2 protein chains.
Amino acid sequence: MTIVQLEYVIAVDRHRSFARAAKSCFVTQPTLSMQVKKLEEELNVILFDRSKKPVMTTDIGRKIIAQAKIGLRSLKKIEDVINDEKDEIKGELRLGVIPTLSPYLLPLFITDFIQKYPQVNLVIEELISEHIIKKLNDDELDLGILVTPLNEKNLIETPLFYESFVVYMSTNHPLTKKVKVAFDDLNINEMWLLKEGHCFRNQAINICADQLLAESKNQLKFESGSLETLKRIVENQYGFTFLPELAMMTMEEIKKKYIRQFKTPEPVREVSLVVHRSFLKERLINLLKDEILDHIPVHLREKGERKLVEWV
Amino acid sequence: MTIVQLEYVIAVDRHRSFARAAKSCFVTQPTLSMQVKKLEEELNVILFDRSKKPVMTTDIGRKIIAQAKIGLRSLKKIEDVINDEKDEIKGELRLGVIPTLSPYLLPLFITDFIQKYPQVNLVIEELISEHIIKKLNDDELDLGILVTPLNEKNLIETPLFYESFVVYMSTNHPLTKKVKVAFDDLNINEMWLLKEGHCFRNQAINICADQLLAESKNQLKFESGSLETLKRIVENQYGFTFLPELAMMTMEEIKKKYIRQFKTPEPVREVSLVVHRSFLKERLINLLKDEILDHIPVHLREKGERKLVEWV
DNA sequence: TAGAAAACATAGATAAAACTGATAATTGCC
DNA sequence: GGCAATTATCAGTTTTATCTATGTTTTCTA
């Protein structure tokens, strides 16, 4: 059994074709076929059902491939160990970011970061918290940027900054007359929410917890998948929605007029870097952290008198 | 990078000598030296300090080897996947057993098991619960036999049987006059205990919890490392100790006279097979389980009216 | 249903590699 | 300095991963 053989088998499984798998491995089709066959003979197992078109992985093949992937991933990590130890700023960094942060936070530092460390291959995925947590546990991500605390046993959280919640309301909303809003000012029947799965949604609900307990939860309005959609709905219809501070910063000045802060203590969310307990790439992650902290408004760094809202 | 190269490197690290490592890998010393050198060149890393005698692994080498071991262990598991899937009764089964079970439980089924499945390489370690839990999490054991519940997130418990606690007392002890004992009959100043780390100790303390709260815990007597020692102390000095039911069964008839059961509900400990969430060798483990259940007294299988004592 | 196309297997040749045994170089120790 | 032990180097052999070319089987289409 060789590493190359396992890579070939994984490629066949992925591409469902020997020829395409061969191409993806930069070898000819016979080479790959022979090696796959050899491995099958050594293990005394049929990995692929070649009678099916396209090629089907057998049940036992699937299990073996799953195990092989785990093993090869561990061996790949040897390179990370070396890069980290040598302080060489290179390698792959797989980053997961939640949708309510990614469009507002990433543009602030990404360009500078990839220019500064051109040898680093930054792979970014936008995922909801639940999926980031799963992928961190499955070692499919090196790092997550999400809202904490999570209380996950095997994950380590490093708080980055504290971002206030603000209220964005339609132009003709009576609350625009106030300078700051209080929780009681808000009528939850006018609130537009993100759909299930977003931590921001849970926090918005928690902020209005008192009212929600009283009223039926069924009265919540149409639920959207992105904050940008919510903003547009508020602009074109009636009502309000919550926004995180960073989302507000990129808005046109004219629209900012319809944003109101909360009275002290403002509700705030804690944004953290999250890694698995067995993480590598410490140096790389620290550089990313420094880069982020250098590019966000200074006042976000400290929580101050604001009040942390949890979501789990 | 090849699997063979990594095995060579691991062997050098273990044997602290290229020549001995080569022998253990069944190749000549130049072969091994060349492959190690090639790997060092490919990774651009010095793994061993050859100027030191014996050869020293470098700091970075140690980290790489640790990671390589993890990866190779995962790849080795491919064989387990196959054995399990094919229902082939072979392979290695690494079992950890706590000291208060191992001398009494293992003799009951071990001989039959290894005769029945000669292709299975059963490796047994006697360890306290804490170490078994760690080794299960680190994938250094396939299976543990210990006292549950543990409330460990990543471990799965399968109860095997329920074993009563009994009291073993010196020949001249007044309690020998009773047929059964009650918790209140026991004077904890006369109790001999296992030392820290044994779950059996914690359970013994929990059984006498009421008295212990009242008295100072400092008054506990000399603490021994094995139940056999405790038995001997009780025989030769004054006092009593707790024993698990199986430990009693192997005693001479004459000594059994100084054993007393508790009044209903008897205190009982739950003995379970414990595996990691990501366990393999399901079939093998099931066979071992059946073998154990076939060889223990039938009345242990059900808890009945007895009262479970926890220890964590 | 014949014929073309696609997909995988097989065969023979080749170049890279891994291995061996002998020998040289290095290091530690007396 | 010289001996013993250990690792590196060298030359020759064997193994094997790979390639190109070809064969076989299946699938799609006219």
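Residues numbered from 1 in each chain as written. Chains lettered and ligands numbered in written order. Predicted model: local features only at pLDDT ≥ 70, side-chain atom pairs only at ≥ 80, totals over all residues. Heavy atoms only, no water.

## Structural notes on the pattern of salt bridges
Put simply, the rule is: Any Lys or Arg side-chain nitrogen located within 4 Å of an Asp or Glu carboxyl oxygen qualifies as a salt bridge. Working definition: helices are DSSP H or I runs of at least four residues, strands are E runs of at least two. Numbering for both runs from the N terminus. Burial status follows relative accessibility: with a 1.4 Å probe on protein chains alone, a residue under 20% of its type maximum counts as buried, one over 50% as exposed, and anything between as partly exposed.
Under the definition given, this model contains 48 salt bridges over all chains. The closest approach of N and O atoms between Lys256 of chain B and Glu253 of chain B, which form a salt bridge, is 3.3 Å. Placement of the pair is Lys256 of chain B and Glu253 of chain B together in helix H11 (residues 253–256), with a separation of 3 residues, close to one helical turn. On the basis of relative accessibility, which here comes to 26%, the residue Lys256 of chain B falls in the partly exposed class. By sharing partners, the salt bridges in this structure join Arg73, Lys77, Asp80, Arg94, Asp139, Asp142 and Lys281 of chain A into a single network.

## Observations concerning the domain arrangement of chain A
Many descriptions give the size of an interface as the accessible area lost when the pieces come together. Threshold: The source of the domain bounds is an automatic or database domain assignment.
Domain annotation for chain A reports domain 1 (3–84), domain 2 (87–148 + 275–298) and domain 3 (162–268). For domain 1 of chain A versus domain 3 of chain A, the distance between C-alpha centres works out to 50 Å.

## Notes on the relation of the copies chain A and chain B
Counted only if it meets this: Fitting of the copies onto one another was done by least squares over C-alpha atoms, counting residues only where both copies have pLDDT of at least 70. Should any heavy atoms of two residues lie within 4.5 Å, those residues are considered in contact.
By a simple turn and slide, chain A fits onto chain B: the slide is 0.2 Å along the axis, the RMSD is 0.4 Å, and the turn is 179°. One copy is carried onto the other by what is essentially a two-fold rotation axis. By C-alpha distance to the rotation axis, the residue of chain A lying nearest is Gly71 of chain A, at 2.2 Å. Interface residue correspondence from chain A to chain B reaches 100%, placing this contact among same-surface, isologous pairings.

## Observations concerning the pairing of strand S5 (residues 143–148) of chain B
All names here are of chain B. To keep it simple, the criterion reads: Two strands qualify as a pair provided DSSP detects at least 2 bridges between them.
Taken across its 6 residues, S5 has 6 buried, putting it largely inside the fold. One ladder, built from 3 bridges, connects strand S3 (residues 91–97) with S5; its direction is parallel. Opposite Gly96, over in S5, you have Gly144 as the bridge partner. Pairing analysis gives 5 bridges linking S5 to strand S12 (residues 267–276), with the strands arranged antiparallel. Note that in S12 the partner of Leu146 across the bridge is Ser272.

## With respect to the protein's contact with DNA strand D
Just so we agree on the cut-off: We define proximity as follows: a residue is near a molecule or strand when any one of its heavy atoms falls within 4 Å of that partner. Polar contacts, as used here, are pairs of N or O atoms within 3.5 Å; protein pairs need one atom able to donate a hydrogen and one able to accept it. Residues neighboring in sequence count only if both atoms are side-chain atoms. Here the nonpolar group is Ala, Val, Leu, Ile, Met, Phe, Trp, Tyr, Cys and Pro; Asp, Glu, Lys and Arg are the charged ones; every other residue, Gly included, is treated as polar.
Taken together, 19 residues lie around DNA strand D, and Thr28, Thr31 and Lys38 of chain A together with Lys37 and Arg50 of chain B are the ones closest in. Sugar and phosphate atoms constitute 74% of the interface atoms of DNA strand D, taking the interface as everything within 4 Å of the protein. Measuring from a phosphate oxygen of DNA strand D, one finds a backbone N or O atom of Ala19 of chain B at 3.1 Å. At the level of secondary structure, the elements contributing two or more residues to the surface near DNA strand D comprise helix H3 (29–43) of chain A together with helix H2 (18–24) and helix H3 (29–43) of chain B. Of the residues contributing to the surface near DNA strand D, the split by class is 7 nonpolar, 7 polar and 5 charged.

## Side note on the pairing of strand S10 (residues 240–244) of chain A
Residues and elements named next belong to chain A. When you tally the buried positions in S10, you get 5 out of 5 residues, the bulk of the element. Of the pairings in the sheet, the one linking strand S6 (residues 155–169) to S10 comprises 5 bridges and is antiparallel in character. When the bridges of S10 are listed, Met169 appears paired with Phe240.

## Quick look at the interface of chain A and chain B
Spelled out, the test is: As a working definition, buried area equals the accessible area (1.4 Å probe) given up by two parts on being put together, with both sides summed.
With 27 residues of chain A at the interface, the matching set in chain B holds 27 residues. At the boundary of chain A with chain B, total buried surface from both sides reaches about 2400 Å², with 70% on carbon and sulfur atoms. Area buried by chain A at its contact with chain B is led by Gln67, Leu75 and Ile78 of chain A, which between them contribute 22% of it. There are 2 salt bridges connecting chain A and chain B. Put simply, chain A and chain B have 6 residue pairs in polar contact (both at pLDDT 80 or more) between them.

## Some details on the environment of Glu196 of chain B
Residues and elements named next belong to chain B. With respect to the secondary-structure elements, Glu196 resides in the loop between strand S8 (193–194) and helix H7 (199–207). The exposure class of Glu196 is exposed, given its relative accessible area of 61%. Not counting the four nearest positions on each side in its chain, Glu196 is found in contact with Arg201 and Glu223.

## What to know about the protein's contact with DNA strand C
Around DNA strand C, a shell composed of 18 residues is seen, among which Lys37 and Arg50 of chain A together with Thr28, Thr31 and Lys38 of chain B lie nearest. Sugar and phosphate atoms form 76% of the subset of DNA strand C atoms that lie within 4 Å of the protein. Between DNA strand C and Phe18 of chain A there is a distance of 3.2 Å, counted from a phosphate oxygen to a backbone nitrogen or oxygen. A distance of 3.1 Å is found between a phosphate oxygen of DNA strand C and a backbone nitrogen or oxygen belonging to Ala19 of chain A. Of the residues that constitute the surface near DNA strand C, the class distribution is 7 nonpolar, 7 polar and 4 charged.

## A look at the packing of helix H1 (residues 3–15) of chain A against H3 of chain A
Residues and elements named next belong to chain A. How we decide: Fitted lines through C-alpha atoms give the axes, limited to the stretch in contact for helices. The angle between two N-to-C directions lies from 0 to 180 degrees. In these notes the angle categories are as follows: under 35 degrees is roughly parallel, over 145 is roughly antiparallel, 65 to 115 is roughly perpendicular, and the rest is oblique.
Between H1 and H3, whose axes approach to 9 Å, the crossing angle comes to 105°. Accordingly, the angle class assigned to the pair H1 and H3 is roughly perpendicular. Across from Gln5, Leu6, Tyr8, Val9 and Val12 in H1, the residues of H3 making contact are Thr31, Leu32, Gln35, Val36, Lys38, Leu39 and Glu42. Here the contact of H1 with H3 is composed, by residue class, of 7 nonpolar, 3 polar and 2 charged.

## What about helix H5 (residues 102–116) of chain B?
Stated precisely, the cut-off is as follows: Expected span of a helix: the number of residues minus one, times 1.5 Å.
Here H5 of chain B is 15 residues long and its end C-alpha atoms lie 20 Å apart, about the 21 Å a rise of 1.5 Å per residue gives. Residues of H5 of chain B that are buried: Ser102, Tyr104, Leu105, Leu106, Phe109, Ile110 and Phe113 of chain B.

## Regarding unusual backbone geometry
Of note, the amide linkage connecting Thr264 of chain A to Pro265 of chain A takes the cis form, showing an omega dihedral of 0°. Locating Pro265 of chain A in the fold gives a position in the loop between strand S11 (259–262) and strand S12 (267–276). Phi at Asn44 of chain B is positive, roughly 60°, even though this residue is not glycine. Mapped onto the elements, Asn44 of chain B comes out in the loop between H3 and strand S1 (48–49). Judged by its relative accessible area of 54%, Asn44 of chain B falls in the exposed class. Even without being glycine, Asn151 of chain B reaches a positive phi, approximately 60°. Residue placement: Asn151 of chain B occurs in the loop between S5 and strand S6 (155–169).

## So, the environment of Val268 of chain A
Residue and element names in this part refer to chain A. Among the secondary structure elements, Val268 is positioned in strand S12. Taking relative accessible area as the criterion, Val268 reaches 0% and is therefore assigned buried. Considered as a pair, Val268 and Val309 are 41 residues apart in the sequence and their alpha carbons are 5.9 Å apart.

## So, the packing of aromatic side chains
We count it as follows: Put simply, two rings from Phe, Tyr or Trp (the six-membered ring, in Trp's case) pair if the centres are within 6.5 Å, and we call them stacked under 30 degrees between planes, edge-to-face over 60, tilted for the rest.
Under the criterion given, the structure shown has 12 aromatic pairs over all chains. Relative to Phe262 of chain B, the ring of Phe242 of chain B has its centre 5.8 Å away and its plane inclined at 35°; by these criteria the two rings are tilted. A residue pair is termed long-range when its members are at least 10 positions apart, and Phe242 of chain B in strand S10 (residues 240–244) and Phe262 of chain B in strand S11 (residues 259–262) qualify at 20 residues. Grouping aromatic residues by their ring pairs yields a cluster made of Phe183, Phe240, Phe242 and Phe262 of chain A.

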